[in-house]
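Overview (structure and organization)
Read off the chains here:
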2 protein chains.
Amino acid sequence: MSEVTATVALDWGTTSLRVYRLDGAGTVLEDGSAPLGIMNVEEEKFEEAFEGTVGDWLDAAPEATIVLSGMIGSRQGWAEAPYLACPADVAGLAGAMLEVPLARGRSAWIAPGLSTRNDGAPDVMRGEEVQILGALADLGGGDHLICLPGTHSKWARVSDGRVVGFATHMTGEVFDVLRRHSILGRMIEHAAWDDAAFLGGVEGAEATGGLLSQLFAVRARGLFDELGPETAGAHLSGLLIGHELRAAFGQDRPERVTLIGAAELTDLYAKALSHVGVSCTALEPTVAARGLHQLAQALRNQGRTA
Amino acid sequence: MSEVTATVALDWGTTSLRVYRLDGAGTVLEDGSAPLGIMNVEEEKFEEAFEGTVGDWLDAAPEATIVLSGMIGSRQGWAEAPYLACPADVAGLAGAMLEVPLARGRSAWIAPGLSTRNDGAPDVMRGEEVQILGALADLGGGDHLICLPGTHSKWARVSDGRVVGFATHMTGEVFDVLRRHSILGRMIEHAAWDDAAFLGGVEGAEATGGLLSQLFAVRARGLFDELGPETAGAHLSGLLIGHELRAAFGQDRPERVTLIGAAELTDLYAKALSHVGVSCTALEPTVAARGLHQLAQALRNQGRTA
């Protein structure tokens, strides 16, 4: 009975696609991934890519709820699911899902992203909200600070199952752009890493003077042989992540942060958090499957699916 | 009498070379410039480039003091003049000048750069110190905050003719790298400018959340049509300059700032400063000639020149 497919779920981002077949209790019966991110789908033939990936599962499970999340719901994706404003919970997200009729005579449901305002400035996420929902299954009620590190790191505040607000930091992209294209790149050996230099960078973010001058200090440290090709990249990474942590914490340093992401990234953030006295728990991005299961359940509870 | 050449001065940077012929009172009798920055001197034949540029002046003025400043004194230049640690004044800088014997049987003198420490992190300048000396001729004694905006903006604190300390902000380079190589570049029309968007960016720097999240907000504002190709670049510029101002001011906002630089840049900074209630005076980078004159005079007073 538990082997019956209740949900076919797709976490469909810019560069990759992950698929899950789940039973009614949310157990993953089968999964897979493909380098079929929305930017890699030829001629925007999203339905063909969809059928090619999960068509067999759908044939075998005519009653399964089909849910999708991620950039597939953006303006550049299959169909645009407008952002839902925070605060938002699973019922709100399910209620805002966009129905996409399929040629095979069923519907797929695309999760909306979330939007918020920080001091008047807008912010958005698309896909991460499903990972956050998945993490909440572990975390339970109460207040939580959740970080999804990456090219554009997301920091979400959750209270009793609702995403209250969030902020995105361009940390990963700024690191990449600076080490590839700025004067700092000349002093960085890309393959090198040094934990002490990384933690020195995290501490450097606490100094006076602001990020723009601390970036120049990376170069000056090179002139004074305080950083070299083996250490400069790790120091720069620590400096940027240190700034992200400072800004994300605001006035009140949290006791604990939940990290969601690839182990390579969450390990790095765990080191930085530990260095500033904050404990953390790390979850794999596959928690998205649990979040998509919750959305599918909510859709069924709301009677929106057949 | 005043037509006698007392000093031949060269402000020799990475990309350009400016030359001045001055009398004993510091009046510029003749000047010129060439795209002969140290990176453009073939096979590092600096003395040939030097003779080709000011050789005629030297032939006609066998007694003139020859002074040089800028990246020509760096490790990549003609001869390395080690950085002088702050605080430093004109006498200290002259005393630290490096003598370079010329094939023609005279000596040229290369100004050292300056170094300082901010919260333990090193910082350096090379060439700007001579512009600061030149500005002080106008400013007189007392305390001054001097800003040299650019790829790497310098903010120097001066007290009674001494450079007490300074900080470098990588503002111009970060702006350039982000608009060329980051996701923000896709939404920026490089040739466009909009003053209101620029000042909006300056204000944006005052918001909570830190620079890394404010950068992502530029993109999010694009998604919500609050910024477009015509305004996003100016907003980004304002955001970065706003952060530079905040960090440079520290706890105490100054009443007045002296700007030194090309009019295009000092106009921009003047707008940002005015917007946050700080008045300013702008000077041309050719104040370097006055600074070099002071160094030449100090060399003569110290009896270091023949």
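In the block above lies the structure referred to throughout.
Residues numbered from 1 in each chain as written. Chains lettered and ligands numbered in written order. Predicted model: local features only at pLDDT ≥ 70, side-chain atom pairs only at ≥ 80, totals over all residues. Heavy atoms only, no water.

Some thoughts on the overall build of chain A
Stated precisely, the cut-off is as follows: A run of H or I in DSSP becomes a helix once it reaches four residues, and a run of E becomes a strand once it reaches two; helices and strands are each numbered from the N terminus. Any residue under 20% of the maximum accessible area for its type is buried, any over 50% is exposed, and the rest in between are partly exposed; the area is computed with a 1.4 Å probe on protein chains only. By definition, residues are in contact when any of their heavy atoms lie within 4.5 Å. Reported accessibility uses the Shrake-Rupley method at a 1.4 Å probe radius. Residues are deemed covered only where the shown protein chains occlude them. Two residue types count as positive, namely Lys and Arg, and two as negative, namely Asp and Glu; His and chain ends fall outside the count. Throughout, a charge is located at the NZ atom of Lys, the CZ atom of Arg, the CG atom of Asp or the CD atom of Glu.
Across its full length, chain A holds nine helices and 14 strands. On the principal axes, the C-alpha backbone points of chain A span a range of 70 × 40 × 35 Å. Expressed as a percentage of its 306 residues, the buried residues of chain A come to 55%. Contacts spanning at least 24 positions in sequence make up 63% of the contacts within chain A whose residues lie at least 6 apart. A total accessible area of about 12600 Å² is found for chain A, and carbon and sulfur atoms account for 48% of it. Across chain A, 23 positive and 40 negative side-chain charges occur, with their mean positions spaced 4 Å apart.

Focus: the pairing of strand β4 (residues 65–69) of chain B
All names here are of chain B. Selection criterion: Here a strand pair is declared whenever DSSP counts at least two bridges between the two strands.
Most of β4 is tucked away, with five of its five residues classed as buried. By the alternation rule, side chains of β4 split into Thr65, Val67 and Ser69 and Ile66 and Leu68, which are all buried. The sheet contact formed by β4 and strand β7 (residues 107–110) spans two bridges and is parallel. Bridging from a neighbouring strand, Leu68 pairs with Ile110 of β7.

What about the relation of the copies chain B and chain A?
The test is simple: For the least-squares superposition of copies, only C-alpha atoms count, and only for residues with pLDDT at least 70 in both.
For the pair chain B and chain A, the relating rotation is 180°, the translation along its axis is 0.0 Å, and the fit reaches an RMSD of 0.0 Å. Taken together, the turn and the small shift mark the pair as related by a two-fold rotation axis. When C-alpha distances to the rotation axis are compared across chain B, the minimum falls at Val177 of chain B, with a value of 3.5 Å. Counting the interface residues of chain B, we find that 100% of their copies in chain A are interface residues as well, pointing to one common contact surface.

Brief notes about the sheet that holds strand β6 (residues 98–101) of chain B
Within a beta sheet, neighbouring strands are joined by backbone hydrogen bonds and run either parallel or antiparallel to one another. Residue and element names in this part refer to chain B. Formally: Under this scheme, a helix contributes an axis fitted over its contacting stretch, all axes are lines through C-alpha atoms, and angles between N-to-C directions fall in the 0 to 180 degree range.
Taken in spatial order, the six strands make up an open sheet running β3-β2-β1-β4-β7-β6, and their pairing is mixed. Each edge of the open sheet is held by one strand with a lone partner, namely β3 (28–34) and β6. Each neighbouring strand pair of the sheet contributes to a mean axis angle of 20°, computed without reference to strand direction. Across six bridges, strand β2 (residues 17–22) lies against β3 in antiparallel orientation. Among the inter-strand pairings, Arg21 is bridged to a residue of β3, identified as Glu30.

Examining the sheet that holds strand β7 (residues 107–110) of chain A
Residue and element names in this part refer to chain A. Spatially, the six strands line up as an open sheet ordered β3-β2-β1-β4-β7-β6, and their pairing is mixed. Each of the sheet's edge strands pairs with one partner strand only, and the pair in question is β3 (28–34) and β6 (98–101). With direction set aside, neighbouring strand axes in the sheet form an average angle of 20°. As paired elements, β6 and β7 share four bridges and run antiparallel to each other.

Section: the pattern of salt bridges
When the charged atoms of two side chains lie near each other, side chains of opposite charge can form a pair. What counts is decided by this rule: Salt bridges are counted wherever a side-chain nitrogen of Lys or Arg sits within 4 Å of a carboxyl oxygen of Asp or Glu.
For the structure on display, the rule yields 22 salt bridges over all chains. Close ionic contact of Arg75 of chain A with Glu80 of chain A constitutes a salt bridge, the shortest N to O distance being 3.5 Å. Given a relative accessible area of 38%, Glu80 of chain A falls into the partly exposed group. The closest approach of N and O atoms between Arg179 of chain B and Asp176 of chain B, which form a salt bridge, is 3.9 Å. On the criterion of helical spacing, the pair formed by Arg179 of chain B and Asp176 of chain B is a turn pair, its members being three residues apart in helix α4 (residues 171–181). Each member of the salt-bridge network shares a partner with another, and the members are Glu51, Asp59 and Arg104 of chain A.

Section: the interface of chain B and chain A
Note the threshold: Put simply, buried area is how much 1.4 Å-probe accessible surface two parts lose in total, over both of them, once they are put together.
Contact with chain B, which involves 42 residues of that partner, is made by 42 residues of chain A. Roughly 3600 Å² of surface becomes buried between chain B and chain A when both sides are summed, with 71% attributable to carbon and sulfur atoms. Per-residue buried area on chain B facing chain A is highest for Met170, Leu212 and Phe216 of chain B; these three make up 21% of the total on that side. At the boundary of chain B with chain A, the tally comes to two salt bridges. For Glu226 of chain B, the salt bridge is made with Arg117 of chain A, and the minimal N-O distance between the two is 2.6 Å.

Points about the state of the cysteines
Definition in use: The disulfide criterion used throughout: a pair of cysteine sulfur atoms within 2.5 Å.
Within the structure shown, the criterion is met by zero disulfides over all chains. Here Cys280 of chain A stays unpaired: no disulfide links it, and the sulfur of Cys147 of chain A, its closest cysteine neighbor, is 9.4 Å away. With no disulfide of its own, Cys86 of chain B has Cys147 of chain B as its nearest cysteine by sulfur position, at a separation of 16 Å. A residue is classified by how much of its surface remains accessible, and Cys86 of chain B, at 16% relative accessible area, is buried.

A few points about the packing of helix α5 (residues 195–204) of chain A against helix α8 (residues 263–275) of chain A
The angle between the axes and the distance between the axes are what describe a pair of packed helices. Residues and elements named next belong to chain A. Note the following rule: Here is the rule for angles: anything less than 35 degrees is roughly parallel, anything more than 145 is roughly antiparallel, 65 through 115 is roughly perpendicular, and the remaining ranges are oblique. Handedness of each helix crossing follows the sense of rotation of the near helix against the far helix: counterclockwise by less than a right angle gives left-handed, clockwise gives right-handed.
Put simply, α5 and α8 touch, their axes get as near as 10 Å, and they point 55° apart. As the angle between them shows, α5 and α8 are arranged oblique. Seen from above, α5 lies across α8 with right-handed handedness. Listed contacts from α8 to Asp195, Phe198, Leu199, Val202 and Glu203 of α5 are Leu268, Lys271, Ala272 and His275.

Topic: the pairing of strand β10 (residues 143–148) of chain A
Residues and elements named next belong to chain A. For β10, the tally of buried residues reaches five of six residues, placing the bulk of the element in the interior. Judged from the six bridges that link them, β10 and strand β11 (residues 153–159) form a sheet pairing that is antiparallel. Across the sheet, the residue bridging to Asp143 is Ser159, located in β11. What sits between the antiparallel neighbours β10 and β11 is a turn of four residues. By the bridge criterion, two bridges tie β10 to strand β13 (residues 256–260) in an arrangement that is parallel. Opposite Ile146, over in β13, you have Thr258 as the bridge partner.

Thoughts on the packing of aromatic side chains
Heads up, the condition is: Between the rings of Phe, Tyr and Trp (Trp by its six-membered ring), a pair exists once the centres lie within 6.5 Å; its type follows the angle of the planes, with under 30 degrees stacked, over 60 edge-to-face, and the other angles tilted. Geometrically, a charge over a ring is one whose NZ (Lys) or CZ (Arg) sits within 6 Å of the ring centre while staying within 35 degrees of the ring normal.
Per the stated rule, a full pass over the model turns up 12 aromatic pairs over all chains. Ring centres of Trp193 of chain A and Phe198 of chain A lie 5.4 Å apart, and the angle between their planes is 40°; this geometry places the pair in the tilted category. Taken together, the aromatic side chains of Trp12, Phe46, Phe50 and Trp78 of chain A make up a single cluster linked through ring pairs. When the ring centre of Phe224 of chain B is taken as reference, the NZ or CZ atom of Arg117 of chain A above it lies at 5.7 Å. Seen from the ring of Tyr83 of chain B, Arg126 of chain B lies directly overhead, with NZ or CZ sitting 4.4 Å from the centre.

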